[in-house]
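What follows is the residue order along each chain.
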Amino acid sequence: MTDLKNLQIFKAKTTDSFVPVIDKAVLSPFFADTQNNYFILPGFCDVHVHFREPGFSYKETVVTGSLAAAHGGYTAVCTMPNLNPVPDSVGHLREQLDIINRDAAIHVYPYGAITVGQNGGTLADMQGMAHEVIAFSDDGRGVQSRDMMREAMLKAKSLGKMIVAHCEDNSLLHGGYIHDGEYAKTHGHRGICSESEWGPIARDIELVRETGCKYHVCHISCRESVELIRKAKAEGLDITCETAPHYLILDENDLQEDGKFKMNPPLRSADDKVALIDGILDGTIDMIATDHAPHSADEKARGLEKSAFGIVGIETAFPLMYTYFVKTNIITLEKLMDLLVFNARERFNIPLGNDYSVWNLDEEYEINSNDFLSKGRAMPFENTKVFGKCYLTVCDGKVVYGGN
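Remember, predicted model here, so these are calculated numbers, not experimental data.

Examining the nonpolar core
Item 1. Among the nonpolar cores identified, the biggest contains 110 residues, and Ile-163, Phe-318 and Met-337 are the most heavily contacted of them.
Item 2. Ranked by size, the runner-up nonpolar core spans 16 residues in total, among them Met-80, Met-162, Val-164 and Phe-348.

Focus on the pairing of strand S13 (residues 356-366)
Item 1. Two strands pair when backbone bridges link them, and strand S3 (residues 38-42) and S13 are joined in this way by five bridges, in the antiparallel orientation. Looking at S13, one finds that Pro-42 is bridged to Tyr-356.
Item 2. Bridge analysis of S13 against strand S14 (residues 385-395) gives eight bridges, and the strand direction is antiparallel. Bridging across to S14, Tyr-365 finds its partner in Val-386.

Structural notes on helix H2 (residues 62-71)
Item 1. Of all 10 residues in H2, eight are buried; the element is thus mostly enclosed.
Item 2. Among the residues making up H2, those that are buried are Val-62, Thr-64, Gly-65, Ser-66, Ala-68, Ala-69, Ala-70 and His-71.
Item 3. In this fold, the buried residues of H2 make contact with strand S5 (74-79), helix H3 (90-103), S14 and strand S15 (398-402).
Item 4. In the segment just after H2, Gly-73 is the residue with positive phi, at about 90°.

Some remarks on the packing of aromatic side chains
The relation between two aromatic rings is expressed through the spacing of the ring centres and the mutual angle of the planes.
Item 1. As enumerated under the stated definition, the model contains seven aromatic pairs in all.
Item 2. With a centroid separation of 5.9 Å and 85° between ring planes, the pair formed by Tyr-38 and Tyr-391 is classed as edge-to-face. Of this pair, Tyr-38 sits in strand S3 while Tyr-391 sits in strand S14, and the two are 353 residues apart along the sequence.
Item 3. Under the relative-accessibility criterion, Tyr-38 is labelled buried at 5%.
Item 4. For Tyr-391, a relative accessible area of 29% gives the class partly exposed.
Item 5. Taking the centre distance of 5.4 Å and the plane angle of 25° together, the rings of Phe-44 and Phe-318 count as stacked. Taken together, the positions of Phe-44 in strand S4 (residues 44-49) and Phe-318 in helix H12 (residues 317-326) put the pair 274 residues apart, joining distant regions of the chain.

Brief notes about the sheet that holds S4
Item 1. Taken in spatial order, the three strands of this open sheet run S4-S5-S6, and their pairing is parallel. Single-partner strands in this sheet number two, and they are S4 and strand S6 (107-110). Averaged over all pairs of adjacent strands, the angle between their axes in this sheet comes to 20°, without regard to strand direction.
Item 2. When S5 meets S6, the two strands line up parallel, connected through four bridges.

Quick word on a nonpolar patch on the surface
Item 1. Among the surface-exposed residues, Val-63, Leu-67 and Leu-373 lie close enough to one another that they form a single nonpolar patch of about 190 Å² accessible area.
Item 2. The exposure class assigned to Leu-67 is partly exposed, which follows from its relative accessible area of 33%.

Re the side chain of Thr-79
Item 1. You can see Thr-79 is positioned in strand S5.
Item 2. With residues up to four places along the chain from it excluded, the contact list for Thr-79 reads Val-49, Phe-51, Gln-96, Val-108, Tyr-109, Pro-110 and Tyr-111.

Notes on the pattern of salt bridges
Item 1. Under the counting rule described, the total for this entry stands at 17 salt bridges.
Item 2. With its nearest N and O atoms 2.9 Å apart, the salt bridge here joins Lys-59 to Glu-299. Of this pair, Lys-59 sits in the loop between S4 and H2 while Glu-299 is found in the loop between strand S12 (287-288) and helix H11 (303-306), placing the two residues 240 residues apart along the sequence.
Item 3. On the basis of relative accessible area, Lys-59 is assigned to the buried category, the value being 8%.
Item 4. Take Glu-299: its relative accessible area is 12%, and that puts it in the buried class.
Item 5. Glu-235 is the salt-bridge partner of Arg-209, the closest N and O atoms lying 2.7 Å from each other. Pair noted here: Arg-209 is in helix H7 (residues 195-211) and Glu-235 is in helix H8 (residues 223-235), with a separation of 26 residues, a long-range link.

Conventions adopted
Sequence positions are assigned chain by chain, starting from 1 and proceeding in written order. The model is predicted, so local features are restricted to residues of pLDDT at least 70 and side-chain atom pairs to those at 80 or more, both for listing and for counting; the totals for chains, interfaces and linings are taken over all residues. Note: side-chain values were computed over all heavy atoms of the structure, leaving out hydrogens and water. Grouping buried Ala, Val, Leu, Ile, Met, Phe, Trp, Tyr and Cys residues that are joined through side-chain atoms within 4.5 Å yields what is termed a nonpolar core. Partly exposed residues are those whose accessible area sits between 20% and 50% of the maximum for their type, while under 20% is buried and over 50% is exposed, using a 1.4 Å probe and protein chains only. The criterion for strand pairing is that DSSP finds at least two bridges linking the strands in question. Secondary structure follows DSSP: runs of H or I at least 4 residues long count as helices, runs of E at least 2 residues long count as strands, and numbering of each begins at the N terminus. Here, two residues are considered to be in contact whenever any of their heavy atoms come within 4.5 Å of each other. Two rings belonging to Phe, Tyr or Trp (six-membered ring only in the last case) form a pair when the distance between their centres is within 6.5 Å. Interplanar angles under 30 degrees mark stacking, angles over 60 mark edge-to-face geometry, and anything in between is tilted. Here an angle of 0 to 180 degrees is reported between the N-to-C directions of two axes, which are lines fitted to C-alpha atoms, with helices fitted over the stretch in contact. Patch construction takes residues with relative accessible area above 30% that form no salt bridge. Like charges are linked within 9 Å, and nonpolar side chains (Val, Leu, Ile, Met, Phe, Trp, Tyr) are linked within 5 Å. Per-residue and other accessible areas were derived by the Shrake-Rupley procedure at a 1.4 Å probe size, with only the shown protein chains allowed to occlude residues. Salt bridges are counted wherever a side-chain nitrogen of Lys or Arg sits within 4 Å of a carboxyl oxygen of Asp or Glu.

Structure (structure tokens):
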């Protein structure tokens, strides 16, 4: 860190150190406030969000989602394809791109679907979409067929694109909706076994070995997934992965009979959480993504069994990770920036540019979903005390949040 009056500018360890082009007029209130210690941090990058448009704008729009991202310090996001229409062709993708180009407050990079309609039966028009999508994913649905995933990997490799996989074996779900652990047994809920996640990862690692495709695993949640990916990396396979703040902070012991605790994959055991933290520490897990998944209040008010899967998280990711992991000396702020900024941008080839946010890292407050800019409100951290408040976000040199 280097002093700039009372502003601290974060610098990366790499030769491409983060040094923003500072607008003195925009930052003048922070220079004048000698009572607080502000940090300038590079624009965060989230490779896994759901902005719900087109098709489900009652849950979220590109406007509300991108403003929520800016509120959380993010200046680049990658949006998943579970939309209507699904971006599985050039024409369908164009509908989404037109909305992004018109309404996005930050950089929004769409995924193209792997299969038509995300139904797993026919390969999408990957070649036609390749120059306008960040990568290919059927997130929200796992590709069930080994042959289909192999075909997709070969096509993606030929196009120089990455496969980003939601790993879930439908044959092992059995109607489950939380982790198949002690809480499910004690409270009479149907559980989702960990093998439904790590089984497809194991399959896909074999396919990566065969095809040489670049491959990224979404939202890993269990010990076996960490172990498989650790071994694959040691072998030299071109694999990365992500997890989310809620899997690192919570486990099944924190569950309540409330839809705000329901996400996919589910909160797993305490041992799984420890394995994920170990994966963060040793570099097996490359990045933190939020899987920001807004729903209407009604869709999340039906309890654990009947609520929709998914929680919001893009406005709380940094303060949660800073509070639970940096303030407690589990990781450094530099390590957190690798997880929230640099690793994702490097892997997905997303430039940083003149993107930054200004934070008071000493400010403590309670998370209140009424303060969110997202349409979604459901998440398991309501009233949680955290440190780190965002006061300003700048994208491409333009203020996209705060600055008043």
